[in-house]
Structure formats: structure tokens, C-alpha cells
Amino acid sequence: MEAFATIGVLALVFMSFAISASAGLGGSLLLVPTLALFLGSKEGIALAALLLASNNVMKIIAYRKTLPFKAAALITALIVIGAAVGATLLVEAPTWTVTTAIVAMFCASLLAERLGLGKLRTGFAPLLAFVSGASSGFSGTSGPLKGVAIRNLDLDRRHFVGAASLASFAGDATKTAIFSDAELLGRSAFLIALASVPLMAAGTYTGSWLNDKLGEHMFAILFWTVMAGYTIRLGILLF
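Each chain has its residues counted from 1, following the order in which its sequence is written. Local features in a predicted model are, by the rule used here, given only for residues with pLDDT of at least 70; side-chain atom pairs are given and counted only at 80 or more, and totals for whole chains, interfaces and linings are based on all residues. Neither water nor hydrogens contribute to the side-chain values; these are computed over all heavy atoms in the structure.

Peer 1: I tried to follow the packing of aromatic side chains on my own but got confused; where do I start?
Peer 2: The geometry of an aromatic ring pair is captured by the separation of the ring centres together with the interplanar angle, meaning the angle of the planes. Here a pair means two rings of Phe, Tyr or Trp (six-membered ring of Trp) with centres within 6.5 Å. Their orientation is stacked below 30 degrees between planes, edge-to-face above 60, and tilted elsewhere. If you walk through the whole model with that rule in mind, you get 3 aromatic pairs. Aromatic side chains Phe160 and Phe219 sit 5.5 Å apart centroid to centroid with 70° between the ring planes, which places their arrangement in the edge-to-face category. Placement of Phe160 in helix H8 (residues 157-182) and of Phe219 in helix H10 (residues 216-237) is noted, with a sequence separation of 59 residues between them. Pair check on accessibility: Phe160 and Phe219 agree, each one buried. Here Phe223 and Trp224 contribute two aromatic rings whose centre-to-centre distance is 4.9 Å and whose plane-to-plane angle is 80°, an arrangement assigned as edge-to-face. One aromatic cluster in this structure is built from Phe160, Phe219, Phe223 and Trp224. Only DSSP runs of H or I reaching four residues or more are called helices, and only runs of E reaching two or more are called strands; each is numbered from the N terminus. Remark: exposure states derive from per-residue accessible area (1.4 Å probe, protein chains only) relative to the maximum for the residue type, with buried under 20%, exposed over 50%, and partly exposed in between.

As C-alpha cells, this is what we get:
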């Protein structure tokens with residue numbers, strides 16, 4: 001039974017890597033709850049941070065020709081700062097307050113994109129980046145707000161994934177460094193990490209191939225579908 005559970009976990013790990021490489025983010029949507037259920041909350045979140053950071057190295061290599069260092073620099077820095085110091089502040093806030101604010105930001109960003117409010121979206125991005133880094137400290141994922149923040153930079157789909165890879169790697173590496181000091185990972189976590197290495201390569205290749213085949217319109221649908229998944233997950237956490 002445990003062998004079947006492990007196979008199921010690894011299958012979801014592969015799917016998370018493929019989604020992340022195609023949409024630029026969304027890996028944590030599957031990865032964090034899967035590992036949290038299999039290993040427990042703390043160890044699952046710690047392992048997810050390690051795997052996502054490692055997977056983003058693969059994504060950076062795959063999208064090396066479309067890495068917008070200049071465009072993503074501010075957002076990346078704010079995500080790191082938020083992950084390091086902002087989580088302490090946000091963790092004191094009621095969960096329903098944080099969740100409601102995140103959903104409201106999703107809706108505002110989607111509306112601004114539909115109405116073509118470019119200046120508003122660009123100005124909104126740094127705030128979203130900082131809050132996304134802070135929220136990742138206690139939720140295990142910065143994906144929702146990070147994705148919207150980068151989306152607001154108006155990059156094409158290849159550069160979007162490149163920017164998301166840079167920002168995600170910086171944020172997840174920061175969390176991994178903090179979690180490593182706490183020694184949260186046990187033997188099972190390390191075995192899953194080793195088994196996940198070839199899945200990172202396969203998932204990144206699959207996701208990059210899918211991204212290359214998508215047009216900008218289909219990519220927008222994929223992105224907001226992932227955002228909808230995050231929103232549903234956040235809504236469930238309210239109850």
C-alpha cells in the first residue's frame with residue numbers, strides 16, 4: 001500500500017513540475033498539499049521548498065534565452081525580502097483576512113488586465129511581489145500573488161516563465177535555507193527528493209514544450225486557470 005502511495009506522490013510531483021514549466025508557476029498548487037499529506041505539514045512544506053528551488057534551476061536552464069533579468073529584478077528582490085522578514089508579520093494576521101485580501105488582489109488584477117489598465121498593473125506589481133514572499137513563509141507557496149505580480153509586467157509567455165523561474169528560485173532558496181537550520185527533513189523526504197531529480201528534467205521538458213506550442217491567448221487561459229485553482233484552494237482554507 002505504501003508503495004502505491006509513493007508512486008502516486010511521485011506522479012503528482014511530475015505533474016507539478018510540468019505545470020510549473022508550462023505556466024511559469026502552479027507547481028506548489030499540487031506539490032505542497034501532496035507532500036504535506038504524505039509527510040506532515042512542516043516536513044512537507046520544507047521538502048516542497050527544496051524541490052521547487054531545485055526545479056527552478058532546471059527551468060532557468062530551459063528558459064535561459066528568455067530570462068528578463070532587468071524586468072524581474074525588483075519583483076525578485078521584494079519576494080526575497082518578503083519571504084525573509086514579512087512572514088513574521090503576516091503570520092499574526094487572521095487567516096481569513098489574508099485570504100480575502102489575496103482573492104481581492106486576484107480580481108483587481110484580472111479586471112485591470114481585461115480593461116487594459118497598463119500603468120495601474122505595473123505599479124501594483126511590487127506590492128504583490130512583497131506580499132507573495134511574505135505569505136509563502138506560512139502557507140508554503142507564494143505562487144498566487146507572485147504570478148499576478150509578474151503577469152502585471154506584460155511579458156510574453158516565454159519571458160513570463162523566465163521571470164517566474166528567477167523569482168521562484170530566489171524565494172524558494174531563501175525558505176530552504178531557513179528550513180535547513182530547523183532540520184525538518186527525515187529519511188522519507190530525502191528518498192522522495194532523490195526520486196524527484198529525473199522527474200524535474202522530464203517535467204521541465206514537457207512543460208517547456210507545451211509552453212512553446214501555446215499561443216498568447218491560450219497561455220492567458222492556462223495562467224488564469226492556475227490562478228483559479230489557487231483561489232479555490234484559498235477558499236477551502238477559510239472553512
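More follows now that the structure is in view.
Peer 1: Can you walk me through the side chain of Ser196 in this structure?
Peer 2: Turning to its location among the elements, Ser196 is positioned in helix H9 (residues 187-213). Every residue pair with non-hydrogen atoms within 4.5 Å of one another is taken to be in contact. Apart from residues lying up to four places away in sequence, Ser196 is in contact with Leu10, Val13, Phe17 and Leu51.

Peer 1: Would you take a moment to explain helix H2 (residues 27-39) for this structure?
Peer 2: Side chains that are three or four residues apart share a direction in an α-helix, a result of its 3.6 residues per turn. Helix span, expected: 1.5 Å multiplied by one less than the number of residues in the helix. Here H2 spans 17 Å end to end across 13 residues, near enough to the 18 Å set by a 1.5 Å rise per residue. For H2, the complete set of buried residues consists of Gly27, Ser28, Leu31, Val32, Thr34, Leu35 and Leu39. Two residues or fewer after H2 comes Gly40, characterised by a positive phi angle close to 105°.

Peer 1: Just checking my understanding: could you explain a nonpolar patch on the surface for this structure?
Peer 2: The grouping of Val57, Ile61 and Phe169 at the surface amounts to a nonpolar patch, some 240 Å² of accessible area in total. On the basis of relative accessible area, Ile61 is assigned to the partly exposed category, the value being 48%. Patch definition: residues with relative accessible area over 30% and no salt bridge; like charges joined within 9 Å; nonpolar side chains (Val, Leu, Ile, Met, Phe, Trp, Tyr) joined within 5 Å. Shrake-Rupley sampling with a 1.4 Å probe provides the accessible areas, and residues are treated as covered by the protein chains on show and by no other component. In what follows, salt bridge is the name for a side-chain nitrogen of Lys or Arg lying within 4 Å of a carboxyl oxygen of Asp or Glu.

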